[in-house]
Amino acid sequence: MSPVGWWRRWPSWAGHAASGTAAAYGCVLLVAELMGYRSFLGVTDLGLPDVTSPGAVVLLIGSVVAAATVRPWGARLPPGVVSAGAWGVAALALTGSCWVLLDLIQLVLTGAVTDRHGDSDWVTFAERSCLAGVGALFAATALAYARRSAGVCPRCGRAHPPRTSGRRHPAPHAAPPAVRRIAYAGCCAFLPYLLLHALGAAGVAGIEPGGFRPTWSMVLAGAGGVGLAVFLLLGLVRPWGMVFPRWTLWLAGRRVPRFLPLAPVWVIAPTLALYGLGSGILAGVGLLGDDLFGIGGAASLAFGGYGWALAVSAVSYQLRTRPLCVPAKTATI
């Protein structure tokens, strides 16, 4: 079987993979707990209760739920309960892995992964990375199960005859107006953040923490990064995100592979959305020492607003670019 054929059969193996991975991860956490490990995901370093045992329990229960989606005995369980369980485990796993993007950025820039005290933190990085994989597998499992329960094709989510001869990709079109407005708002969320950094570079006191004054080159580099982020977000809601536009030269007119924008988006969106929301809440109650109406609040608005807009736009992009199974033509005599 070719790698492409194996990948396209994901509804048939996602549940098995999710069940096995969650069981293995849960058993590892239980053994670690018995050996005295109390730092799962580094939450104890933040002054929060240990979640090693709860994490293991969720993973082991999730393993049973994932198995129920692909085993005959699962048909005796209420579909709503199984579906809610699979989506719940996916949400919890992705929430636990949400800071893996920050670890990856640090790894690329410095060649190491450290905690907030500067100590090496490879174990937490591995835990978050594994949870990201588990979350993706459970999301695929829940989606395939929901489609099978609805009596539609697990691959494309539509009803059609069992025999198909190929796949057809939809014509390029923009996202619905509501999604486009959310995307535009996400693009604008960076403006207060950039403005405050520009004022700090201009020498306005009291903006940057600790009296720090960024250079104009730092501000320009930040603006360039924001430009790339805006480009990615707009590509999810505009037609040119489905087919390469004319200004891409030799790529013009070719279909954009779905994984090209979606792979980085689903790494970036959960991290930024939860980081922005969490830091905004902590700054609002004064736990971070940041002013909610200063640079800390602007950062929360920028990253959180962009992250949530990116997630909404990514869901829309996935639905709009979903290939259609083409029924096989009936032979005529």
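What counts as what
Residues numbered from 1 in each chain as written. Predicted model: local features only at pLDDT ≥ 70, side-chain atom pairs only at ≥ 80, totals over all residues. Heavy atoms only, no water. Helix = DSSP H or I, 4+ residues; strand = E, 2+ residues; numbered from the N terminus. Buried < 20%, exposed > 50% of the residue type's maximum accessible area, 1.4 Å probe, protein only. Patch = residues over 30% accessible without salt bridge, like charges linked within 9 Å, V, L, I, M, F, W, Y side chains within 5 Å. Areas by Shrake-Rupley, 256 points an atom, 1.4 Å probe, with all protein chains shown as cover. Salt bridge = Lys/Arg side-chain N within 4 Å of Asp/Glu carboxyl O. Axes fitted to C-alpha atoms, helices over the stretch in contact; angles between N-to-C directions. Parallel < 35°, antiparallel > 145°, perpendicular 65-115°, else oblique. Left-handed = near helix turned anticlockwise from the far one by under 90°. Contact = heavy atoms within 4.5 Å. Nonpolar A, V, L, I, M, F, W, Y, C, P; charged D, E, K, R; others polar. Core = buried A, V, L, I, M, F, W, Y, C linked by side-chain atoms within 4.5 Å. Expected span 1.5 Å × (residues − 1). Polar contact = N/O pair within 3.5 Å; in protein donor to acceptor, adjacent residues only side chain to side chain.

Draft legend 1. Region of interest: the environment of Arg181. Secondary-structure assignment places Arg181 in helix α7 (residues 177-188). Residue classification places Arg181 among the exposed residues on the basis of a relative accessible area of 56%.

Draft legend 2. How the structure looks around a nonpolar patch on the surface. There is a patch of nonpolar side chains on the surface, built from Trp99, Leu102, Ile105, Val108 and Leu109 and spanning about 500 Å² of accessible area. One can find Trp99 in the loop between α4 (79-96) and α5 (100-110).

Draft legend 3. Looking closely at the packing of helix α2 (residues 10-34) against helix α6 (residues 122-149). Here α2 crosses α6 at 140 degrees, and the two axes come no closer than 8 Å. Viewed along their axes, α2 and α6 adopt a mutual orientation that is oblique. Where α2 crosses over α6, the two elements pack in a sense that is left-handed. Counting all contacts with α2, which are made through Trp10, Pro11, Trp13, Ala14, Gly15, Ala17, Ala18, Thr21, Ala22 and Tyr25, the residues of α6 involved are Glu127, Cys130, Leu131, Val134, Leu137, Phe138, Ala140, Thr141, Leu143, Ala144, Arg147 and Arg148. Taken together, the residues that form the contact of α2 with α6 break down as 16 nonpolar, three polar and three charged.

Draft legend 4. Representation of the nonpolar core within the structure. Ranked by size, the top nonpolar core spans 31 residues in total, and within it Phe190, Leu233, Leu236, Val265, Tyr306, Leu310 and Tyr317 carry the most contacts. Elements supplying a minimum of two residues to this core: α7, α8 (191-201), α9 (216-237), α10 (259-284) and α11 (295-320). Ranked by residues supplied to this core, first place goes to α11 with nine residues. Every residue in contact with Tyr317, bar those within four places of it in the chain, is listed here: Gly235, Leu236, Gly241, Met242, Val256, Arg258, Pro261 and Leu262. Judged by nonpolar contacts, the second largest core, of 17 residues, contains Tyr25, Ala66, Val89 and Ala90.

Draft legend 5. Expanded view of helix α3 (residues 52-68). With 17 residues, α3 extends 25 Å from end C-alpha to end C-alpha; this agrees with the ideal 24 Å at 1.5 Å per step. Restricting attention to buried positions, one finds in α3 the residues Thr52, Gly55, Ala56, Leu59, Gly62, Ser63, Val65, Ala66, Ala67 and Ala68. Tucked into the core, α3 has its buried residues touching α2, α4 and α6.

Draft legend 6. Up close: the side chain of Ser313. Here Ser313 lies in helix α11. For Ser313, a relative accessible area of 0% puts it in the buried group. In terms of polar contacts, Ser313 uses its side chain to reach the backbone carbonyl oxygen of Ala309, at 2.9 Å. Those residues in contact with Ser313 that lie beyond four places of it in its chain are Val179, Ala183, Leu233, Leu236 and Val237.

Draft legend 7. Inspection of the pattern of salt bridges at higher detail. The final tally for this structure, using the stated rule, is two salt bridges. Close ionic contact of Glu33 with Arg38 constitutes a salt bridge, the shortest N to O distance being 3.7 Å. Given the relative accessible area of 38%, Arg38 is considered partly exposed. In this structure, Asp103 and Arg128 form a salt bridge, with 2.8 Å as the shortest nitrogen-oxygen distance. Remark: Arg128 occurs in helix α6 and Asp103 occurs in helix α5; sequence separation between them is 25 residues.

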